[in-house]
Amino acid sequence: MKHALTLIPGDGIGPEVTKPTLEIIKAAGVTIEWETHLAGADALKKHKTTIPKELIGSFNKNKIALKGPVTTPVGEGFASVNVELRQSFDLYANLRPIRNLPGVKARYQNVDLIVVRENTEGLYSGIEHEVVPGVMESLKIITEKASTRIARFAFEFARTHGRKKIAAIHKANIMKLTDGLFLDCARNMATNYTDIAFSDLIVDNACLQLVLDPLKLDVLLLENLYGDIVSDLAAGLVGGLGVVAGANLGDSHALFETVHGSAPDIKGKGIANPTAMISAAIMMLNHISEPAAAKQISVALERVLQRGDCLTPDLGGSATTKKFAEAIIKEMER
């Protein structure tokens, strides 16, 4: 089967981890016609906008996109490209699997978590303004529609993938209206899925429990900002952001991405770890009904990591990005 998909290489190390990932996908026998588009700072320089109309048109046509890291300026500059893409295409569900990869040093072993994050509203949306000089206000908007939708997604995912437990993460003891609504929607949805155990945790306690024993938890359901924070914390349990990928899913569109930054400090050095980008591609391949290729790449990646003789510097080795990718392709050919 031939696929037409949208590619956003990103900036910083984005293009450096994207290129070998595409070569690995090709080596797995999947034929993809990529439509490549800039986003973020590079797009702003060339097109005077961070999300060009050509990218919007391509994603609307193809429905599926693979994306590398895009820099978001801190405290100034343009708005987050990630947030804008999620809101523009109603990619309301952020799905991030958190599990150990063989050979990757981590705080814990046998971790197997699923973080489900509402992706379109809450404090993370960045709705803020200046009240008077020296006083800023940020609005946290939580709706029944979005909260119910993400709860349904989490329970459906859990049932489809044989997951047994969902914990809703909140701060409803303090934010009784906003977080209270999110929690109520999760509780109401749970009554339709009696085969899945449901509980809830206050977000600070959830972080404590993750650090104490992440094996006690299964699927975590969170609103936007908590999901952003907790998913990164969870990634730290299994080796860091360099080995974790995520999907942004809507009813019609899907965007698969790395969750690490653009790492400008190592840009151009050829030592970036492409594992997260490869993992994003694996998720994408499963989504487009190419499970055999996804499995082939996943097995080869794990074998290279476990063997440990061709790892990038962040994993304790000295291999270049290119050598690491070549080792995976060689493993696939065996």
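Please refer to the structure placed before this passage.
Residues numbered from 1 in each chain as written. Predicted model: local features only at pLDDT ≥ 70, side-chain atom pairs only at ≥ 80, totals over all residues. Heavy atoms only, no water.

K.L.:
How should I be thinking about the packing of aromatic side chains in this particular structure?
P.N.:
Aromatic rings considered in pairs are described by the distance between their centres and by the relative angle of their planes. The final tally for this structure, using the stated rule, is five aromatic pairs. Ring geometry for Phe 155 versus Tyr 193: centroids 5.1 Å apart, planes at 25°, classification stacked. Of the two residues, Phe 155 is situated in helix α5 (residues 144-160) and Tyr 193 in the loop between α6 (178-190) and β9 (197-202); the sequence distance between them amounts to 38 residues. The same class applies to Phe 155 and to Tyr 193, which are both buried. Ring centres of Phe 155 and Phe 198 lie 6.1 Å apart, and the angle between their planes is 35°; on these two criteria the pair is classed as tilted. Of this pair, Phe 155 sits in helix α5 while Phe 198 sits in strand β9, and the two are 43 residues apart along the sequence. Overall, the relative accessible area of 0% leaves Phe 155 in the buried class. On the basis of relative accessibility, which here comes to 26%, the residue Phe 198 falls in the partly exposed class. The structure contains a cluster of three or more aromatic residues connected by ring pairs, namely Tyr 92, Phe 153 and Phe 157. (Phe/Tyr/Trp six-rings, centres within 6.5 Å; stacked < 30°, edge-to-face > 60°. Helix = DSSP H or I, 4+ residues; strand = E, 2+ residues; numbered from the N terminus. Buried < 20%, exposed > 50% of the residue type's maximum accessible area, 1.4 Å probe, protein only.)

K.L.:
Quick question: what am I supposed to make of empty space enclosed by the protein here?
P.N.:
Where empty space is left in the structure can be found by rolling a water-sized probe over the atoms. What the rule picks out here adds up to one cavity of 30 Å³ or more. Quantified by volume, the largest cavity comes out at close to 40 Å³. As for the largest cavity, its lining consists of Lys 67, Asn 82, Leu 85, Arg 86, Leu 91, Asn 248, Leu 255 and Glu 257. Sorting the residues of the lining of the largest cavity by element identifies α4 (81-88) and β12 (254-258) as the ones contributing at least two each. The element best represented in the lining of the largest cavity is α4, accounting for three residues. Partitioned by chemical class, the residues of the lining of the largest cavity number three nonpolar, two polar and three charged. (1 Å grid on protein atoms, 1.4 Å probe; cavity = no way out; pocket = protein on both sides within 12 Å on 5 of 7 lines; lining within 4 Å. Points joined across faces, edges and corners; volume = space filled by probe spheres on them. Nonpolar A, V, L, I, M, F, W, Y, C, P; charged D, E, K, R; others polar.)

K.L.:
Help me out: how do you make sense of the layout of surface pockets in this one?
P.N.:
Quantified by volume, the largest pocket comes out at close to 800 Å³. In terms of lining residues, the largest pocket is bounded by 29 residues, among which Pro 97, Arg 99, Ile 282, Met 283 and Asn 286 are the most central. Those elements that place two or more of their residues in the lining of the largest pocket are β4 (93-99), β5 (112-118), α5, β11 (245-249), α9 (275-287) and α10 (291-307). Examining the composition of the lining of the largest pocket, we find that six residues originate from one element, α10, more than from any other.

K.L.:
Any chance you could explain a nonpolar patch on the surface here in plain terms?
P.N.:
Taken together, the side chains of Ile 127, Leu 139 and Ile 141 make up a nonpolar region of the molecular surface, amounting to roughly 230 Å² of accessible area. Inspection of the secondary structure puts Ile 127 in the loop between β5 and β6 (128-132). Ile 127 sits in the partly exposed class, given a relative accessible area of 40%. (Patch = residues over 30% accessible without salt bridge, like charges linked within 9 Å, V, L, I, M, F, W, Y side chains within 5 Å. Areas by Shrake-Rupley, 256 points an atom, 1.4 Å probe, with all protein chains shown as cover. Salt bridge = Lys/Arg side-chain N within 4 Å of Asp/Glu carboxyl O.)

K.L.:
In this structure, what is going on with the environment of Asp 112? I would like to understand it.
P.N.:
For Asp 112, the location among the structural elements is in strand β5. Judged by relative accessible area, which is 39%, Asp 112 ranks as partly exposed. Considering only alpha carbons, one finds Asp 112 and Val 219, 107 residues apart in sequence, at a separation of 9.0 Å. If we ignore the near neighbours within four places in the chain, the residues touching Asp 112 are Ile 98, Arg 99, Arg 163, Leu 217 and Asp 218. Side-chain polar atoms of Asp 112 contact the side chain of Arg 163, separated by 2.8 Å. (Contact = heavy atoms within 4.5 Å. Polar contact = N/O pair within 3.5 Å; in protein donor to acceptor, adjacent residues only side chain to side chain.)

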